[in-house]
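Chain by chain, the residues run as shown.
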Amino acid sequence: MSQVMSTGVASPMEASAFFEAQLKYRTDPADLAADLLSGEAGEEGKIVVIDTRSPAHYAEGHIPGAVSFPHRTMNTASTAALPRDKVYVCYCDGIGCNGSTQGAYKLAALGFQVKELIGGLHWWRQDGFAVATGSEAGVLQEGGIACAC
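One structure accompanies this document, and this report is about it. (Residues numbered from 1 in each chain as written. Predicted model: local features only at pLDDT ≥ 70, side-chain atom pairs only at ≥ 80, totals over all residues. Heavy atoms only, no water.)

Considering the overall build of the protein
Looking only at helices and strands, the protein has five helices and seven strands in total. If you list the helices and strands of the protein from N to C, you get α-β-α-β-α-β-β-α-β-α-β-β. Overall size of the protein, expressed as C-alpha extent along the three principal axes, is 60 × 35 × 25 Å. Looking at the 149 residues of the protein, the share that counts as buried comes to 36%. Residue pairs in contact within the protein that sit at least 24 positions apart in sequence constitute 67% of those at least 6 positions apart. Of the side chains in the protein, 10 bear a positive and 16 a negative charge, and the two mean positions are spaced by 7 Å. (Helix = DSSP H or I, 4+ residues; strand = E, 2+ residues; numbered from the N terminus. Buried < 20%, exposed > 50% of the residue type's maximum accessible area, 1.4 Å probe, protein only. Contact = heavy atoms within 4.5 Å. Lys, Arg positive; Asp, Glu negative; His and termini not counted. Charge placed at Lys NZ, Arg CZ, Asp CG, Glu CD.)

Some remarks on the sheet that holds strand β1 (residues 26–27)
Taken together, the five strands give an open sheet; going across it, the order is β1-β5-β4-β2-β3, and neighbouring strands pair in parallel fashion. Of all strands in the sheet, those bounded by a partner on one side alone are β1 and β3 (67–68). Across the sheet, helix α1 (residues 12–25) lies against β1 and β5 (113–117), angled at about 100 degrees from β5, the strand it touches most. Contacts from helix α4 (residues 99–109) reach β4 (87–91) and β5, with the element oriented near 155 degrees to β4. (Pairing = 2+ DSSP bridges. Axes fitted to C-alpha atoms, helices over the stretch in contact; angles between N-to-C directions.)

Regarding helix α2 (residues 29–38)
Along α2, the residues that are buried comprise P29, L32, A33 and L36. Taken end-on, α2 shows its buried residues confined to a sector of 100 degrees, consistent with a single buried face. Buried residues along α2 sit against β1, β2 (47–51), β4, β5, α5 (120–126) and β6 (139–141). (Arc of directions from axis to C-beta.)

Topic: the nonpolar core
By size, the foremost hydrophobic cluster in this structure holds 16 residues, and its most contacted members are L32, L36, V49, I63, Y91 and W124. Among the elements of the structure, α2, β2, β4 and α5 are those that each provide at least two residues to this core. Residue contributions to this core peak at three residues, all from α2. Once you skip the residues sitting within four places of it in the chain, I63 turns out to touch L32, L36, Y91, L117, L121, W124 and A137. (Core = buried A, V, L, I, M, F, W, Y, C linked by side-chain atoms within 4.5 Å.)

A few points about the side chain of R53
For R53, the position within the fold is in the loop between β2 and α3 (55–60). Judged by its relative accessible area of 8%, R53 is buried. Here D51 takes part through its side chain, which lies 2.7 Å from a polar atom of the side chain of R53. Within the local environment of R53, its side chain forms a polar contact with the backbone oxygen of G61, the two atoms lying 2.7 Å apart. Sequence-distant contacts of R53, defined by excluding residues within four places in its chain, comprise Y58, G61, H62, S68, P70, Y91, C92, D93 and L121. (Polar contact = N/O pair within 3.5 Å; in protein donor to acceptor, adjacent residues only side chain to side chain.)

Fair warning: the whole summary comes from geometry, so function is off the table for now.
Structure below.
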């Protein structure tokens, strides 16, 4: 018997529901970059990008436009000033890190709409997008260039 099919195969309807659900919870670097470039993400947009790592890791390199908000500091008091009408996209280093999951979980539990960036900063870089350095958020520009404008 096939190893692939030994545990069963979902019906097309079940598979569609499963994959639709995954897309509600996650996004990828290309879609996030498109929203950063179009203005959907950032200070004036509907999406806020959250770097859930430490401030030191943020300063070493982060997604342009991201806000440093370590998941370990997320609680009712530290999120009180966050707008409730935004969608928060959390990320960390990547597959070997669960900071984005921790941050997304904490924000969701506090009543915020969230998504997790699959692959984190690792896949962001792997897809050829630039990173900003230092404590300023920076801006992603066409061609994947980071600007500290």
